[in-house]
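For reference, the chains in residue letters:
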Amino acid sequence: MEEDDLAPQLFKELQAHFFQKVPLKEIFSEKTDWLETLTTSDQEKLLKMTVSSDACLNYPVAKEYQRKFLKGWIQKLEETGAEISDEVYESYGELVSSSQVIGEELSYKTFIMSNDQILVLGESTVMLSHGTTGLQIWPAAYWLAEWMLQHTDILRNKSVLELGCGVGFTGLVACMTGRIDQYVFTDWHHRVLQSLHQNLKLNLQHPSSTEAALCEQCSEKFEKSEGHGTFCEKIRAKRPTMHWGESSQGLWKEGNSNTIDRDSTPLKQDLDENELKCYDRNVLAESEANASLASPGGIPQSISSTNSCAKGYVPQHHSNTDNACQNDISCVGHECCEDSTIEGVTGARNGPVDDGNDRGSTDVHLAQLDWEQESNGGDEEHMYHPDIILAADVVFEPKLIRPLTRTLRRFLGKSKTSVAFVASSVRNPETYDKFLKEIDAAGIRSEELAGPTSHLFYYDRSCPMRLLKLACS
């Protein structure tokens, strides 16, 4: 292959496909005839970007997928009589003889979000594992993530609760925008929560990788297996923040994104016993925080200004506007993203980019939430009023539709301004219709929204998708 051709772009595109485990029939299609023209040197370079890369060593793609990937590539080369590198044959031979291919349960997918952000997700190699289907990324999770990245203002400065989050893909994509105030991941199955915890640690404990930070208290509880069944005491509703020079009435002025609608905030006399305990504890914590802000200089030393988060997902954030990516998530092979490479996957390398947007850090929490229990999140759940509720591929089991509806009603009913966005793969129309009837009977109004217009991730799109916006009537 000549030096002045499309090799860099094609290599990076194939690399992105490999790390997202794109079906091999799509990889080795007529569009990849260029593979037949690779020199042995090119083959070794491509091998080091995929199967033999540090990233694949540290966070391996499923061994069976790697084996089939090399087999398909070798067959394509052999069909044309091309010379094949010994390194390619040796790598294939090692995978064929590897005992890890048999019984392998965990593998990774790596997503090149932009030239300075990388998302790594561990997931099960089989759909049903340990009695649950929640250990894989489901299609509607990708679909909802694509939609969110086209509507980032909806989540800006909001407290977000995700139901049935699985291994955490949708929420991590959202958190990596750096625009959310608080994000609470919830699921029920203990193995799903363990996998979620590992993925959150993997992606949120690198200081330079994202503006989101995993709550240490939540993480410690799950490390000790004490976090099941409770909401962290740091999870609470956003409360109005007094601005310098404002009276208390100024907190409620319309249009202030950092304030709460007075009508949607419960009065103290309306709280039950559990909520009252949380209320008093939160008021005490807030008064202590306000006292520290009253110190000389106005800002305590423990609070420092936050840099703008790493480059966002919209094309105009690229410095090279003439070559801005149309597919900004993968950023594969474009001039403006020459540094977008997986390498060993160590998080952001170039640091935050100041694009003029005001983006604070996102507080990330995780909790066990059983829809079939009326309220199992402890005292803290009573005081938690999410602005936004997200859910993807949660409408699939008829017997769980009523518990899911009750859970949605419980959280939506806490505030007049709370809304939910539920993305579904409609595999069984009867099950989906039952969900629509159930939410209507529960006094939840629904509005169908148009889905994402751009294909930013690789996943099965054969099943019809629907997106609902929900709110209490």
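For the structure, check the block above.
Read on for a plain summary of the structure. These numbers were taken from a predicted model, which means no experiment stands behind them.

Procedures and definitions
- Residues numbered from 1 in each chain as written.
- Predicted model: local features only at pLDDT ≥ 70, side-chain atom pairs only at ≥ 80, totals over all residues.
- Heavy atoms only, no water.
- Patch = residues over 30% accessible without salt bridge, like charges linked within 9 Å, V, L, I, M, F, W, Y side chains within 5 Å.
- Areas by Shrake-Rupley, 256 points an atom, 1.4 Å probe, with all protein chains shown as cover.
- Salt bridge = Lys/Arg side-chain N within 4 Å of Asp/Glu carboxyl O.
- Lys, Arg positive; Asp, Glu negative; His and termini not counted.
- Charge placed at Lys NZ, Arg CZ, Asp CG, Glu CD.
- Helix = DSSP H or I, 4+ residues; strand = E, 2+ residues; numbered from the N terminus.
- Buried < 20%, exposed > 50% of the residue type's maximum accessible area, 1.4 Å probe, protein only.
- Axes fitted to C-alpha atoms, helices over the stretch in contact; angles between N-to-C directions.
- Contact = heavy atoms within 4.5 Å.
- Nonpolar A, V, L, I, M, F, W, Y, C, P; charged D, E, K, R; others polar.
- Polar contact = N/O pair within 3.5 Å; in protein donor to acceptor, adjacent residues only side chain to side chain.
- Parallel < 35°, antiparallel > 145°, perpendicular 65-115°, else oblique.
- Left-handed = near helix turned anticlockwise from the far one by under 90°.

1. Some words on a negative patch on the surface
The grouping of Glu-83, Asp-86, Glu-90 and Glu-94 at the surface amounts to a negative patch. You can see Glu-83 is positioned in the loop between helix H5 (63-79) and helix H6 (86-97). By relative accessible area, which is 60% here, Glu-83 ends up exposed.

2. Re the packing of helix H3 (residues 40-49) against H6
Relative to each other, H3 and H6 sit at 35°, their axes nearing to 8 Å. Between H3 and H6, the residues in contact are Gln-43, Glu-44, Leu-47 and Lys-48 and Glu-87, Val-88 and Ser-91, respectively. Looking at side-chain class alone, the contact of H3 with H6 contains 2 nonpolar, 2 polar and 3 charged residues.

3. Here we look at the pattern of salt bridges
Taken as a whole, this structure holds 12 salt bridges when the rule is applied. For Lys-68, the salt bridge identified is with Glu-64, shortest N-O distance 3.8 Å. Of the two residues, Lys-68 and Glu-64 are both situated in helix H5; the distance of 4 residues between them amounts to about one turn of the helix. Among the ionic pairs, Arg-402 bridges to Glu-438, the shortest N-O distance being 2.9 Å. Pair noted here: Arg-402 is in helix H13 (residues 398-412) and Glu-438 is in helix H14 (residues 429-441), with a separation of 36 residues, a long-range link. When its relative accessible area of 52% is taken as the criterion, Arg-402 is described as exposed. Note on Glu-438: relative accessible area 15%, which makes it buried. Overlapping salt bridges, with partners in common, bring together Lys-21, Lys-109 and Glu-123 in one network.

4. Considering the side chain of Thr-186
Positionally, Thr-186 belongs in strand E4 (residues 182-187). For Thr-186, a relative accessible area of 1% translates into the label buried. In terms of polar contacts, Thr-186 uses its side chain to reach the backbone carbonyl oxygen of Glu-162, at 2.6 Å. Those residues in contact with Thr-186 that sit more than four places away from it in its chain are Leu-161, Glu-162, Leu-163, Gly-164, Cys-165, Phe-231, Ala-367 and Leu-369.

5. A short note on the packing of H3 against H5
Running from amino to carboxyl end, H3 crosses H5 at an angle of 165°, the nearest separation of the two axes being 13 Å. Classified by the interaxial angle, the pair formed by H3 and H5 is roughly antiparallel. As H3 runs across H5, the sense of the crossing is right-handed. Of the residues in H5, those in contact with Gln-43, Leu-46 and Leu-47 of H3 are Leu-70, Trp-73 and Leu-77.

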